[in-house]
Amino acid sequence: MMLDKVGRYEFLAEPFHCDFSQRLFMGHLGNHMLNAADFHSNDRGFGMKYLLSVNRAWVLSRLAIEMDEMPEMYTTFTVETWVESAMRYFTNRNFRVVGKDGKVYGYGRSIWAMIDTETRQPCSLMDIHDGDLMNWVEKDKVNPMDRLSRVKMDERAEFVRTIDTQYNDVDINGHINSVKYIEHVLDLWDLDWYRSHRIKRFDIAYVAEAHQGDQLSFYREQTADNEFCIRICKNNDVECCRCKIIFLP
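Since we're looking at a predicted model, the values are computed, not measured. (Residues numbered from 1 in each chain as written. Predicted model: local features only at pLDDT ≥ 70, side-chain atom pairs only at ≥ 80, totals over all residues. Heavy atoms only, no water.)

To continue, consider the side chain of Ser110. For Ser110, the position within the fold is in strand S5 (residues 104–116). Among the residues examined, Ser110 registers a relative accessible area of 1% and is labelled buried. A distance of 2.9 Å separates polar atoms of two side chains, one belonging to Ser110 and the other to Trp112. Filtering out sequence-adjacent residues up to four positions away, Ser110 remains in contact with Leu60, Arg62, Leu63, Thr91, Asn92, Arg93, Phe95 and Leu148. (Helix = DSSP H or I, 4+ residues; strand = E, 2+ residues; numbered from the N terminus. Buried < 20%, exposed > 50% of the residue type's maximum accessible area, 1.4 Å probe, protein only. Polar contact = N/O pair within 3.5 Å; in protein donor to acceptor, adjacent residues only side chain to side chain. Contact = heavy atoms within 4.5 Å.)

Oppositely charged side chains can form a pair if their charged atoms are brought close together. Applying the stated rule across the entire model yields 20 salt bridges. A salt bridge links Arg8 to Asp4; the nearest nitrogen and oxygen atoms lie 3.7 Å apart. The partner of Glu209 in a salt bridge is Arg120, and the shortest N-O contact between them spans 2.7 Å. A residue pair is termed long-range when its members are at least 10 positions apart, and Glu209 in the loop between strand S7 (198–206) and strand S8 (215–224) and Arg120 in the loop between S5 and strand S6 (158–164) qualify at 89 residues. Of the residues examined, Glu209 reaches a relative accessible area of 26% and is grouped as partly exposed. (Salt bridge = Lys/Arg side-chain N within 4 Å of Asp/Glu carboxyl O.)

A word on the nonpolar core. Leu29 and Tyr181 are the most contacted members of the largest nonpolar core, which totals 64 residues. Leaving out residues up to four positions away in the same chain, Leu29 has contacts with Leu24, Ile65, Met67, Met70, Phe77 and Val97. Membership of the second largest hydrophobic core comes to 6 residues, among which are Val151, Ala157, Tyr219 and Cys229. (Core = buried A, V, L, I, M, F, W, Y, C linked by side-chain atoms within 4.5 Å.)

The buried fraction of helix H3 (residues 178–186) is high, at 7 of 9 residues. All of the buried residues in H3 are Ser178, Val179, Tyr181, Ile182, His184, Val185 and Leu186. Where H3 begins, the side chain of Asn177 points an oxygen toward the backbone nitrogen of Val179, at a separation of 2.7 Å.

Attention shifts here to the layout of surface pockets. As a volume, the largest pocket reaches approximately 990 Å³. Lining the largest pocket are 39 residues, with Trp58, Val59, Leu60, Asn173 and Ser178 positioned closest to its centre. Going through the elements one at a time, helix H1 (26–43), strand S2 (56–67), strand S4 (90–99), S5 and H3 are the ones with two or more residues in the lining of the largest pocket. Per-element accounting of the lining of the largest pocket gives the leading share, 6 residues, to H1. Partitioned by chemical class, the residues of the lining of the largest pocket number 23 nonpolar, 9 polar and 7 charged. Here the second largest pocket is characterised by a volume of approximately 530 Å³. Residue assignment for the lining of the second largest pocket shows that the elements contributing at least two residues are H1, H3, helix H4 (191–196) and S7. In terms of residue class, the lining of the second largest pocket is made up of 9 nonpolar, 4 polar and 9 charged. (1 Å grid on protein atoms, 1.4 Å probe; cavity = no way out; pocket = protein on both sides within 12 Å on 5 of 7 lines; lining within 4 Å. Points joined across faces, edges and corners; volume = space filled by probe spheres on them. Nonpolar A, V, L, I, M, F, W, Y, C, P; charged D, E, K, R; others polar.)

Right, here's the structure in full:
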C-alpha cells in the first residue's frame, strides 16, 4: 500500500499527562509530536529503527509549538506530521494538532539533523537509501505559524537556578532528552503564574549536547510583555540551548 506523505497518529490526553487545568502539559504534547515524527519516518524507511542499524540517528535541532488551545483531559486528538523540505544536512518537519471534530488546536515546526552515533558528527541525509527522503517531501500542505527564528539574548539575562541531571533526563541517544529541557524551563514559573497565563508559543533551539551528571543553569530575560527568553548552560559556561516563550494572560 502506498503511504501518504502526511502521517496521522492518534493520541489521548491521559489524565496524568494533564496539569491542574485538566489540559495536556506542553511537554507531553512535545513528546507526542516527536513520537509522530518517529512513526512517520519509520513507516517510510528513514526512521530510527533503520538508522541505528547503520550507526546513524536523528537529533532535534529546533522545535516550535504554537497552540490556540491545549487538548482537555480524556480528549482524543491527532498529530499530523510531514516533511516540508530537506537539504543535505537538515530537514524541516511540520506538525498539526487536530481534534476528531476537525478542530485545530495548533501547529508545530521543527528542524532535524542526522548524526553518526560514534563520531557525533553530522551526516548527509542523501546517503540514506540514495536520498529517498526527498520523495516524501510535502510542499503543498500549509503550516500557517511563523517560521523559526533566532532566539536573541544579551548578557543581562538573570540567573534563576541550577539543577542536576539524572537518569530520567536521558534519552535513547544518550544525551539529555529534548522535551526534558522544555519541562525544566516551564518549571521556572510557579503555579500561580499558570493560573493566570497560558503558553501561546514555545521555541527552543538546541546548541550543544548535555549528559547525565552535567549541571544545567538557567538564565531568564524578559523581552516584551509576557515574552521571555531563556538560556541554558551546562557546567556554568557551555550553552546547551535557548528558548523563547510567549504567554497569554
